[in-house]
Amino acid sequence: MDLLYVPGVARVHYDSIQNGRTCQADCVAVLNGAWALAVAVCDGAGDDVDAAEAAQISAHISTAVTGSTASAVEGLYAARTYLQRRNEEAPPGQEGITTAVAAAITSGGLDLAWVGDSPAWAVRLDGTVVPLTSPSCHPCMTPCNVEEKHDGSNGTWPHRLYTHTDDYARIILASDGLTAHLPLVGRLDHMNAMLDTLAKMAAPDLYGGYVAASLLDMASRGRGRDNTTVAVIDLLHDRDDLRDQGEEDAQ
């Protein structure tokens, strides 16, 4: 389990599991940028090196640009440019398709952009879980991915949400492997089907690293076998900053 701590902003606990697949086609990237904490989760469509490469390009480029601009949209536009170039130069049949959910986190604010079905939720301080990535679109069937626009969204690409985070305890970004354990009916609406589970497993009083590990363990035990990635972003509020400072002074 990896951890990035940004004083005054957040702690990010993140990891991936291959979960029975031939390739690890998920990629998570985290960066403490000049203007924002940037986190991205990308899920390559397929079980091959082209899917993995598409996810890696998109995750790392989007976080680099998101962190330096505080705009997740700018991050995905930059990733799209590089992925298009990669696919234009690839031999036929070796193009890479990937989803992406990218977050720019500042003190009190969240700028979120996404394409495809990699989900994100917020857990409020009172324990309520809120789905953030709606609509959630299949990257190939819609299509809606880093390279292709969502045909039914009036030209909007990517999907975007900006919100204040004063009442958020944490934000969870994931690949859709997290929901592979759900029955088929549940997977059709995986954002809402996970609300009760997350209310229990990601409650605000639980340690973020424990939450991330528990969610990955749940995914590993599910019926569906899929690469799974989780990033648990614990937001720091004033009381957390005071506690952290007290711990540092005591050392």
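Above this text you will find the structure in question.
Treat the numbers as computed from the prediction; the structure is a model and nothing was measured.

Moving on: the pattern of salt bridges. Considering all chains together, one arrives at seven salt bridges under this definition. When the shortest N-O distance is used, the salt bridge between Asp234 and Arg170 registers 2.7 Å. Of this pair, Asp234 sits in strand E11 (residues 228–235) while Arg170 sits in strand E10 (residues 168–174); the two residues are 64 residues apart in sequence, bridging distant segments of the chain. Of the two residues examined, Asp234 and Arg170, each falls in the buried class. The structure contains a network of salt bridges with shared partners spanning Asp50, Glu53 and Arg86.

The next thing to look at is the packing of aromatic side chains. Scanning all chains against the criterion turns up one aromatic pair. Judged by centre distance (5.0 Å) and plane angle (70 degrees), the rings of Tyr77 and Trp157 are edge-to-face. With Tyr77 in helix H2 (residues 72–89) and Trp157 in the loop between strand E8 (129–131) and strand E9 (159–164), the pair connects residues that are 80 residues apart, well separated along the chain.

Strand order in the open sheet formed by six strands is E1-E2-E11-E10-E7-E8, with antiparallel pairing between adjacent strands. Only two strands of the sheet have a single partner each, and these edge strands are strand E1 (2–6) and E8. Between one strand axis and the next, the sheet turns by 20 degrees as a mean value, whatever way the strands run. Sheet topology places strand E2 (residues 10–17) next to E11; eight bridges connect them, and they run antiparallel.

Below, the discussion takes up the sheet that holds E9. Read from one edge to the other, the open sheet built from five strands follows the order E3-E4-E5-E6-E9, with strand pairing classed as antiparallel. At either margin of the open sheet sits one strand with a lone partner, and together these are strand E3 (26–32) and E9. Between one strand axis and the next, the sheet turns through 10 degrees on average, direction left out of account. Where E3 meets strand E4 (residues 37–43), seven bridges bridge the pair, whose relative direction is antiparallel. Across the sheet, the residue bridging to Val28 is Val41, located in E4. Sitting on the sheet, H2 is in contact with strand E5 (100–106), strand E6 (109–115) and E9, with an inclination near 30 degrees to E6.

Criteria and thresholds
- Residues numbered from 1 in each chain as written.
- Predicted model: local features only at pLDDT ≥ 70, side-chain atom pairs only at ≥ 80, totals over all residues.
- Heavy atoms only, no water.
- Salt bridge = Lys/Arg side-chain N within 4 Å of Asp/Glu carboxyl O.
- Helix = DSSP H or I, 4+ residues; strand = E, 2+ residues; numbered from the N terminus.
- Buried < 20%, exposed > 50% of the residue type's maximum accessible area, 1.4 Å probe, protein only.
- Phe/Tyr/Trp six-rings, centres within 6.5 Å; stacked < 30°, edge-to-face > 60°.
- Pairing = 2+ DSSP bridges.
- Axes fitted to C-alpha atoms, helices over the stretch in contact; angles between N-to-C directions.
- Contact = heavy atoms within 4.5 Å.

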